Amino acid sequence: MPTDEPMASPSRSSGPPAPAWGGEAASDAVLLGRFVDQWDQEAFRDLVRRHGPMVLGVCRRVLRDPHAAEDAFQATFLLLVRRAGAVRKRESVGPWLYGVARRVALEARGVAARRVPVCPAPEAPSVDDRDGPERDERHAALHEELGRLPEKYRAPLVLCYIEGLTHEAASQRLGWPLGTVRVRIARGRDLLGARLTRRGLTPAAVLLALALLPKTAAAVPPRLVEATVRAAARVAAGERVPRGDVPARVIELERRVRNAMRLTGLKWATLLALAALAAVAGAASLVPRSLAADDDAAKAGAERKKLEGTWTIAALERDGDKQEAKGDEEEIRIEGESFGIWHNGHVEEKGTIKLDPSKDPRQIDFQFQEGRRAGKTDLAIYAWDGSKLKVCWVKDGDERPADFATKPGDRRVLLILKRQDP
């Protein structure tokens, strides 16, 4: 599997970093959509540049270790790649990233605390540590309570106080009237102040904590941006991330938080289902399942539409051996749920495909209905970047591969397919 080949990227020069906020031509929703649907690395790079200072600042504030903060930074953006569908308000990714960054940083701090240090090095005090533990306590309380605010109050506070946007820029980012943004910021500050006061902070301490919010942003080193974008492209393609881009500890941190987020979602889904059962009983219990099934079907349908077209074989591997690909002789044509395998202009096999893009790696089943393999099903995995489709399966087997690697004796077949222009 050619995992070390560079990913295809737009020809547009990276140039100097785009402005972090205000005046961007593309919204967060457009950038995230371009990356998810088209694997546009430049779009993801713009998201990292736009929200990276806030994310890195949150990680540094929680971890107090620059290296650990960079690990948490990368894990946060890898989670954005894997859980893009969980971002409810794509027009403003910042508040979602803020909550995830804090969660990742807290998990990293917990993992570090469970390790037994051999010889801990003394930390050099920074300018922000003039009043030491008291300041840390204020910050911890503030960010904890900020995360608990309703989203309509939390989102504008994060954008204006942590990412540094003006009220006008936040209005554009959120798609809210300017007056609504100002009212919700004022209400959010009042709620935040009341909650901090209940936790024992004096009014003066609350005001000081609120004043410290804008200092959460931090400059992101260009090398960190580029390594994160390369790793994100690999993850989106279902490939393994080279250790040169992301250390193994980052992958493990991202996995731990992703699993915790999944469990949290399941817990809430279970509670909602139980509430529905208690309130309505009987047939009402079927509603969540049917809605989930409809959602999965919609996602699979959208994914099938992306794969529609004619594909030729650009590269072929069997049992770890690269073989000659006769791309001009064979084609795979996908239309809706149907596929056909063509040889020299004649269809030889037909069938249907079944997709599950929610799996990692993504899954595809080829169910043969006509031809020499009629009645059989190939269980495969796939990844695609808009122009190339990678498919791997076990020949004459009933098992599905877990990755795209092939080696002698494993009976795996790996195809790299190239989309033909209409």
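Residues numbered from 1 in each chain as written. Predicted model: local features only at pLDDT ≥ 70, side-chain atom pairs only at ≥ 80, totals over all residues. Heavy atoms only, no water.

Asks: Help me out: how do you make sense of the packing of helix 3 (residues 66-82) against helix 10 (residues 222-236) in this one?
Replies: Packed helix pairs are characterised by how far apart their axes lie and by the angle those axes make with each other. Two elements in contact, helix 3 and helix 10, have axes whose closest approach is 9 Å; the angle formed by their N-to-C orientations is 35 degrees. Here helix 3 and helix 10 pass one another in a crossing that is right-handed. Along the contact surface, helix 3 presents Glu70, Phe73, Gln74, Phe77, Leu78, Val81 and Arg82, while helix 10 presents Arg223, Leu224, Ala227, Thr228, Ala231, Ala232, Val235 and Ala236. A per-class count over the contact of helix 3 with helix 10 returns 10 nonpolar, two polar and three charged. (Axes fitted to C-alpha atoms, helices over the stretch in contact; angles between N-to-C directions. Helix = DSSP H or I, 4+ residues; strand = E, 2+ residues; numbered from the N terminus. Left-handed = near helix turned anticlockwise from the far one by under 90°. Contact = heavy atoms within 4.5 Å. Nonpolar A, V, L, I, M, F, W, Y, C, P; charged D, E, K, R; others polar.)

Asks: Would you take a moment to explain the pairing of strand 6 (residues 362-370) for this structure?
Replies: Looking down a regular strand, the side chains alternate between one sheet face and the other. Note: strand 5 (residues 346-356) against strand 6, seven bridges, orientation antiparallel. If you follow lysine 354 over to strand 6, its bridge partner there is aspartate 365. Counted between consecutive antiparallel strands, the loop separating strand 5 from strand 6 contains five residues. As judged from the six bridges shared by strand 6 and strand 7 (residues 377-384), these two strands associate in the antiparallel manner. Following the sheet pairing, phenylalanine 366 is matched in strand 7 by aspartate 378. Between strand 6 and strand 7, which pair antiparallel in sequence order, lie six residues; one of them, glycine 371, sits at a positive phi of approximately 105 degrees. (Pairing = 2+ DSSP bridges.)

Asks: For this particular structure, what's the right way to read the confidence of the model for the chain?
Replies: Residues shown with low pLDDT carry predicted positions that ought not to be read at fine detail. Per-residue confidence for the chain gives a mean pLDDT of 76; residues scoring 70 or more make up 74%. By mean pLDDT, helix 9 (residues 203-212) is the weakest element of the chain at 62, and helix 3 is the strongest at 92. Here residues 267-272 is a poorly scored stretch, pLDDT under 50, and it has zero contacts once near neighbours within four places are set aside; other chains count. (pLDDT = per-residue confidence, 0-100.)

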